[in-house]
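# Structural description and commentary
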2 protein chains.
Amino acid sequence: MDMQPPPFAAATATPAPAPALPIYRRLAEHYLSAIQSGTLAPGDRMPSVRDLMRQHHVSLSTALQTLRHLEEGGWLEARPRSGYFVRQPRRAAIRPVGEPNVLAPLDPAQYVGIHEQVSDFIARRQLQAPAIDLSGMSCAPELYAVEALKNAAIRALREQPSLLTSPMPINGNVTFRQVVARRALNAGIRIGADDVVVTHGCIEALNLALRAVAQAGDTIAVESPTYFGLLQTLESLGMRALEIPTSPQTGISIEALELAIQTYGNIKAVVVVPTLQNPLGCIMPDSHKERLVALCERCAVPLIEDDAYSELADGDVAPSAAKVWDRSGNVIYCASLNKVLAPGMRLGWMTSGKWHERVKMLKFAYTRANEEWTQITAANYMGSPAYDRHLRRLRGNLKEQREQMAEAIAGYFPSETRLSVPDGGVGLWVELPRGLSSKAVFAAALDQGIGVSPGVIFSNSDRFDHYLRLCCGKPFTHELDQALRKLGGIVERLPG
Amino acid sequence: MDMQPPPFAAATATPAPAPALPIYRRLAEHYLSAIQSGTLAPGDRMPSVRDLMRQHHVSLSTALQTLRHLEEGGWLEARPRSGYFVRQPRRAAIRPVGEPNVLAPLDPAQYVGIHEQVSDFIARRQLQAPAIDLSGMSCAPELYAVEALKNAAIRALREQPSLLTSPMPINGNVTFRQVVARRALNAGIRIGADDVVVTHGCIEALNLALRAVAQAGDTIAVESPTYFGLLQTLESLGMRALEIPTSPQTGISIEALELAIQTYGNIKAVVVVPTLQNPLGCIMPDSHKERLVALCERCAVPLIEDDAYSELADGDVAPSAAKVWDRSGNVIYCASLNKVLAPGMRLGWMTSGKWHERVKMLKFAYTRANEEWTQITAANYMGSPAYDRHLRRLRGNLKEQREQMAEAIAGYFPSETRLSVPDGGVGLWVELPRGLSSKAVFAAALDQGIGVSPGVIFSNSDRFDHYLRLCCGKPFTHELDQALRKLGGIVERLPG
Ligand SMILES: Cc1ncc(COP(=O)(O)O)c(C=O)c1O
Ligand SMILES: Cc1ncc(COP(=O)(O)O)c(C=O)c1O
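About the cut-offs
- Residues numbered from 1 in each chain as written.
- Chains lettered and ligands numbered in written order.
- Predicted model: local features only at pLDDT ≥ 70, side-chain atom pairs only at ≥ 80, totals over all residues.
- Heavy atoms only, no water.
- Contact = heavy atoms within 4.5 Å.
- Buried area = accessible area lost by both parts, 1.4 Å probe.
- Salt bridge = Lys/Arg side-chain N within 4 Å of Asp/Glu carboxyl O.
- Polar contact = N/O pair within 3.5 Å; in protein donor to acceptor, adjacent residues only side chain to side chain.
- Pairing = 2+ DSSP bridges.
- Helix = DSSP H or I, 4+ residues; strand = E, 2+ residues; numbered from the N terminus.
- Axes fitted to C-alpha atoms, helices over the stretch in contact; angles between N-to-C directions.
- Parallel < 35°, antiparallel > 145°, perpendicular 65-115°, else oblique.
- Left-handed = near helix turned anticlockwise from the far one by under 90°.
- Nonpolar A, V, L, I, M, F, W, Y, C, P; charged D, E, K, R; others polar.
- Least-squares fit on C-alpha atoms with pLDDT ≥ 70 in both.
- Buried < 20%, exposed > 50% of the residue type's maximum accessible area, 1.4 Å probe, protein only.
- UniProt positions renumbered as here; feature names shortened; annotations may be inferred.
- Near = heavy atom within 4 Å.
- Areas by Shrake-Rupley, 256 points an atom, 1.4 Å probe, with all protein chains shown as cover.

## Comments concerning the interface of chain B and chain A
- Listed per partner, the contact involves 52 residues of chain B and 52 residues of chain A.
- When the two sides are added together, the surface that chain B and chain A hide from each other amounts to roughly 4700 Å², 65% of it contributed by carbon and sulfur.
- Per-residue buried area on chain B facing chain A is highest for L164, T165 and Y366 of chain B; these three make up 16% of the total on that side.
- Here chain B and chain A share zero salt bridges between them.
- For the pair chain B and chain A, the interface holds 19 residue pairs in polar contact (both at pLDDT 80 or more).

## Remarks on the sheet that holds strand β4 (residues 197–200) of chain A
Residues and elements named next belong to chain A.
- Spatial strand order, β4-β11-β10-β9-β8-β5-β6-β7: eight strands in an open sheet with mixed pairing. Two strands lie at the open edges of the sheet, namely β4 and β7 (251–252), each paired on one side alone.
- In this sheet, strand β11 (residues 347–351) lies alongside strand β10 (residues 331–336) in antiparallel orientation, the contact comprising four bridges. Looking at β11, one finds that Y333 is bridged to T351.

## Concerning the sheet that holds strand β12 (residues 418–419) of chain A
Residues and elements named next belong to chain A.
- Taken together, four strands build an open sheet; the order of strands is β12-β13-β16-β15 and the sheet is antiparallel. The open sheet has two edge strands, β12 and β15 (453–454), and neither has a second partner.
- Relative to strand β13 (residues 427–431), β12 is paired through two bridges, and the arrangement is antiparallel. Counted as the bridge partner of L419 is V430 from β13.
- Here helix α14 (residues 385–412) sits on the sheet in contact with β12, β13 and β16 (467–471), set at roughly 20° to β13.

## Remarks on the packing of helix α8 (residues 201–213) of chain B against helix α12 (residues 356–367) of chain B
Residue and element names in this part refer to chain B.
- Where α8 meets α12, the closest approach of the two axes is 9 Å, and the angle between their N-to-C directions is 120°. For the element pair α8 / α12, the angle class is oblique. For α8 against α12, the interelement crossing comes out right-handed. Between α8 and α12, the residues in contact are E204, L208, R211 and A212 and R358, V359, L362, K363, Y366 and T367, respectively.
- Along the lines of polarity and charge, the residues of the contact of α8 with α12 split into five nonpolar, one polar and four charged.

## Considering the relation of the copies chain B and chain A
- Superposing chain B onto chain A requires a rotation of 180° together with a translation of 0.0 Å along the rotation axis, leaving an RMSD of 0.2 Å. Put plainly, the chains are arranged around a two-fold axis. In terms of proximity to the rotation axis, the leading residue of chain B is I154 of chain B, whose C-alpha is 3.1 Å off the axis.
- When you check the interface residues of chain B against chain A, 100% turn up at the interface there too, and the contact is symmetric in its surfaces.

## Quick look at unusual backbone geometry
Residues and elements named next belong to chain A.
- Following S224, the chain continues into P225 via a peptide bond in cis, with omega recorded as 5°.
- Within the fold, P225 resides in the loop between β5 (219–224) and α9 (228–236).
- In this model, N278 is joined to P279 through a cis peptide bond whose omega is 15°.
- Its place among the elements puts P279 in the loop between β8 (267–272) and α11 (286–298).
- In the Ramachandran plot, R346 falls in the positive-phi region, its phi being about 50° despite a non-glycine side chain.
- Residue position: R346 is located in the loop between β10 and β11.
- Since its relative accessible area comes to 8%, R346 is described here as buried.

## A short note on helix α9 (residues 228–236) of chain B
Residue and element names in this part refer to chain B.
- Of all nine residues making up α9, nine are buried, and the element is well covered by its neighbours.
- Within the sequence span of α9, burial applies to F228, G229, L230, L231, Q232, T233, L234, E235 and S236.
- Trailing α9 by a residue or two, G238 shows a phi angle of about 75°, which is positive.

## Some words on the UniProt feature "domain: HTH gntR-type" (unreviewed entry) in chain A
- According to UniProt, the "domain: HTH gntR-type" (unreviewed entry) feature falls on residues 21–89 of chain A.
- Within residues 21–89 of chain A, the helical portion is 52% and the strand portion 12%, while the C-alpha atoms at the span's ends are 25 Å from each other.

## Notes on the site of ligand 2
Residue and element names in this part refer to chain B.
- Close to ligand 2 lie G201, C202, I203, Y227, V273, N278, D306, Y309, S336, N338, K339 and R346.
- The separation between an oxygen atom of ligand 2 and a polar main-chain atom of C202 is 2.7 Å.
- Contact distances for ligand 2 include 2.7 Å between an oxygen atom and a side-chain N or O atom of N278.
- Coverage of ligand 2 by the protein chains reaches 95% of its 400 Å² of free accessible surface.

## Here's the deal with the site of ligand 1
All names here are of chain A.
- The full set of residues close to ligand 1 is G201, C202, I203, Y227, V273, N278, D306, Y309, S336, N338, K339 and R346.
- One nitrogen or oxygen atom from the side chain of D306 is found 2.5 Å from a nitrogen atom belonging to ligand 1.
- Within the side chain of N338, one N or O atom sits 2.8 Å away from an oxygen atom of ligand 1.
- Looking at which element gives the most residues to the shell around ligand 1, the answer is helix α8 (residues 201–213), with three residues.
- The residue makeup of the shell around ligand 1, split by class, is five nonpolar, four polar and three charged.

See below:
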């Protein structure tokens, strides 16, 4: 078989595909883009096995694999004796997730034991480890650059054998901070290595940011729904969350936020995830980011930007960070490498505007500096062109998995189910028929070996109890398809 | 040269010396123990070069190196034409550090910007990196098992290539927690792997412990002087330190503590370092530990035990932890591997008695789980007999370095200087003539390329301004000897 890139690679404008992907996957991706762009419309006939072999110089088995892969993903249907045809995607018929009522009065800001709720779900999932776990937000380990990272780590140790036994530089490894600062340019952020504080994941960055600008008893405005980890952190710091209505399409309602700031005098910070919000998956339009930054500056409320996901947005141009519009240092930007580079390295970083010195002090007083070993390993790899290739591949895989899961959900879940498929990331936010309890779905699914995140943990209220968050970080397999079929059955049968 | 262990190794009861130490060092250690035990008394004549060669089957150069090494350390003096004689150690003449007045009224508990003081010293030391830095508390990297750890790390990656790219187990790696629990038996602590929470160093453990039992505004009783890192942490958490008089021989005054608890109703925790207190170096007698634990239990004040150093105590039997006397779960025990295993791995752990669940929750909300990579590497190495050999060697090296530094200080510093040489650890606490400012010594020393820790940072008061803490974690060299001579000169010349 010809190991040169087949002609379709040259014929399209997509970047050179990563060599690790087998040919049939690359060929399937080629046709998938054609379907998604409309070049191939529902009902169109796909090239035959023979056509594929001839046009792309691939073997019979590769051609067959390509067609089956697209069929399994729900993109094609086989009609007996006439070949494969592009299907009308089922998810085209599914309605998007509903919009919040931005005029409804806000909940009194208080903490209501979100910790116990979340811990309870985590503990139950641990006791009864599900065979198919869709509750987390991390990708399958094999979607990362396993070998290259391992080799970078070993190289780091070989080159500096006393890395493990030497004290660490106090603000993190300089090379790593340089690499991070350089990459931040992708999101439009211009900083130097000295502006970066390395942290144990984005979660430590969020903690430091909150502690830098607020204290126990203070109220913090957050999106609703929001990442349960943020609610836990707020609760553990004794701070109160004020949930602001958030659109599944455009993010936090800036009008509602402004009203809240005026109404409640004591809001000490706003925390948002402008890109690929967790759990909604939405990306805030640039005009909203600009208005949000301006509002916070005008009202002298620090804005904490959580950017754990932006490198996972579809396409090759990352969305801009809200930080880009920050003129006065009022935005604290927190990022993570755990979703994009490697979940096991626990690396995050932040740049803190006018709170930089205070954040450095808090970091030192809490966990000192991060290990250098992981930082040097990350810098080795992230500084090479392989990292961009990895990111493109990861985004491609996620997109495919996401579409396939959405397709399966559209096929298996009751027709009142609503779903907006996000333009990137690892999560799907599914709106179930109102009245259905995500807690009941969680329990019934767990009994059948399936882990899900119940909507109820994404708010201090019960407002999102009829939602589920499902992870699409794992390759779409027959088992996963069957798990979604079971889950659809559970949703169907549970009393509403 | 005979590479078998020379006969002196078999003739003594000391454990098999680590193979990494050159023969002359092992021979020197042999004679050093004889001097320290009194078998060789001041004034006794040492065996000649020829005697050494014959008795120990060593070469001429090894015999010469042995004698010079002991001479450089201040243990022998050469008398022209008659050979080497055991010296009266100079430090025998130096008085121990003074005792505190336990009846003096306590300072009002408040925070006075210790952060800025410490940061200022750290920043100045960073700007003007000293050639000889005695200000830290870590050992030279080469005193650790550089190669063995590096190999354990590489093995971990080879055996589990996706270690870096997989999500981490939520409470830390089980094998590591098992190893840690097993080793805790050395300090008399009986726990299982499930009782252990892995942390980013002892400093994170202290933060978690404090946050578990107290909140901003609360008062915490601490030793005086105490580790400046604890004062920083308290300040960053908005807590107040109440400094309790602490004896350089026996640790915190339990009488003064009891009085303080009765007087100030609002003491929410007591933090102590019973073994090798920082900066004093003292080890609390077991009877004191028992009384302290009982007092805290009786008064329902949680006791936080900081045990960063006990594996560095001289001898092969580790002192007991105060936790040993804990019957009700009122003691939170915090430990570190950064001083004993490897400064670059940032590993610590804790066991939290009745606050275990709360600590787990706080750890999760702050930094999630630690990376598994370091934990597996540490478990690999700590589970092997090589770790005990490393610890014995490290303790031996530290003891020698400590004695040599004490000798040099006794020789070079003005005669009013006081010093208690601790029975283990990495630090020496030097009392300068009263009226001399450690801040001035710090600045003058830095100008001459020497880093020291000024006593003033170990308290929120100025009470310890006429003290210095010097690190004895680095091998004693001619440069170090000369640096101490310079430092002695600075102390001599500064106006008191
Ligand atoms: C929105 C958001 N912020 C922060 C985090 C925590 O990131 P890290 O794993 O880097 O601590 C997550 C993880 O799921 C997240 O979804
Ligand atoms: C008494 C004491 N506790 C805690 C620490 C911090 O330990 P770690 O480096 O494990 O965070 C130190 C470090 O110097 C110390 O001396």
